[in-house]
Amino acid sequence: MRVVTHDEDQPYPDFETRADARHSAERLIKNLAKSRTAKHRDLAKKLDQCDSEDPCLSGACPRCLRTHRVRWIADICDLVLNEWRHA
Ligand SMILES: [Zn+2]
């Protein structure tokens, strides 16, 4: 579940902030931890241990998803600036 604050003062109001990703992760972890399914509780533990020094890299992780999106945008910008410009 992706939550975006739509803060018009942000340069990219439709892109989740770090705080948005953290809040989404907290809510997801809380709900998964209450599950009767062991796999859900295991995922909650994995997401709960995720941090910038040791990312979990789960496709379910709002924090890792945001990081991936930011890096993807940076890679596209780098490609346009350094490769397409000279094509
Ligand atoms: Zn993660």
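Quick summary incoming for the structure in this document. (Residues numbered from 1 in each chain as written. Predicted model: local features only at pLDDT ≥ 70, side-chain atom pairs only at ≥ 80, totals over all residues.)

## Quick word on the overall build of the protein
Argument step 1. Helix and strand counts for the protein stand at three helices and zero strands.
Argument step 2. In the protein, the succession of α and β elements from N to C terminus is α-α-α.
Argument step 3. Taken over C-alpha atoms, the radius of gyration comes to 16 Å for the protein, far larger than the 12 Å a tight globule of 87 residues would show.
Argument step 4. Its C-alpha atoms give the protein principal-axis dimensions of roughly 55 × 30 × 20 Å.
Argument step 5. Here the protein, with 87 residues, has 14% of them falling under the buried criterion.
Argument step 6. When contacts within the protein are restricted to residue pairs at least 6 apart in sequence, those whose partners lie at least 24 apart make up 20%. (Helix = DSSP H or I, 4+ residues; strand = E, 2+ residues; numbered from the N terminus. Rg over C-alpha atoms; globule rule 2.2 N^0.38 Å. Buried ≥ 20, exposed ≤ 12 C-beta atoms within 10 Å, placed from the backbone. Contact = placed C-beta atoms within 7 Å.)

## Examining the environment of Ala 25
Argument step 1. You can see Ala 25 is positioned in helix α1 (residues 18-33).
Argument step 2. Since 21 C-beta atoms lie within 10 Å of it, Ala 25 is described here as buried.
Argument step 3. When the C-alpha positions of Ala 25 and Pro 11 are compared, they lie 23 Å apart, and in sequence the two are 14 residues distant.
Argument step 4. Every residue in contact with Ala 25, bar those within four places of it in the chain, is listed here: Leu 47, Cys 61, Pro 62 and Arg 63.

## Notes on the packing of α1 against helix α2 (residues 38-48)
Argument step 1. Contact pair α1 / α2: the axes reach a minimum separation of 8 Å and the direction vectors enclose 150°. As far as their axial angle goes, α2 and α1 are roughly antiparallel. As α1 packs across α2, the resulting crossing turns out to be left-handed. Residues Ala 25, Leu 28, Ile 29, Leu 32 and Ala 33 of α1 form the contact with α2, whose participating residues are His 40, Arg 41, Leu 43, Ala 44, Leu 47 and Asp 48.
Argument step 2. Residue composition of the contact of α1 with α2, by class: eight nonpolar, one polar and two charged. (Axes fitted to C-alpha atoms, helices over the stretch in contact; angles between N-to-C directions. Parallel < 35°, antiparallel > 145°, perpendicular 65-115°, else oblique. Left-handed = near helix turned anticlockwise from the far one by under 90°. Nonpolar A, V, L, I, M, F, W, Y, C, P; charged D, E, K, R; others polar.)

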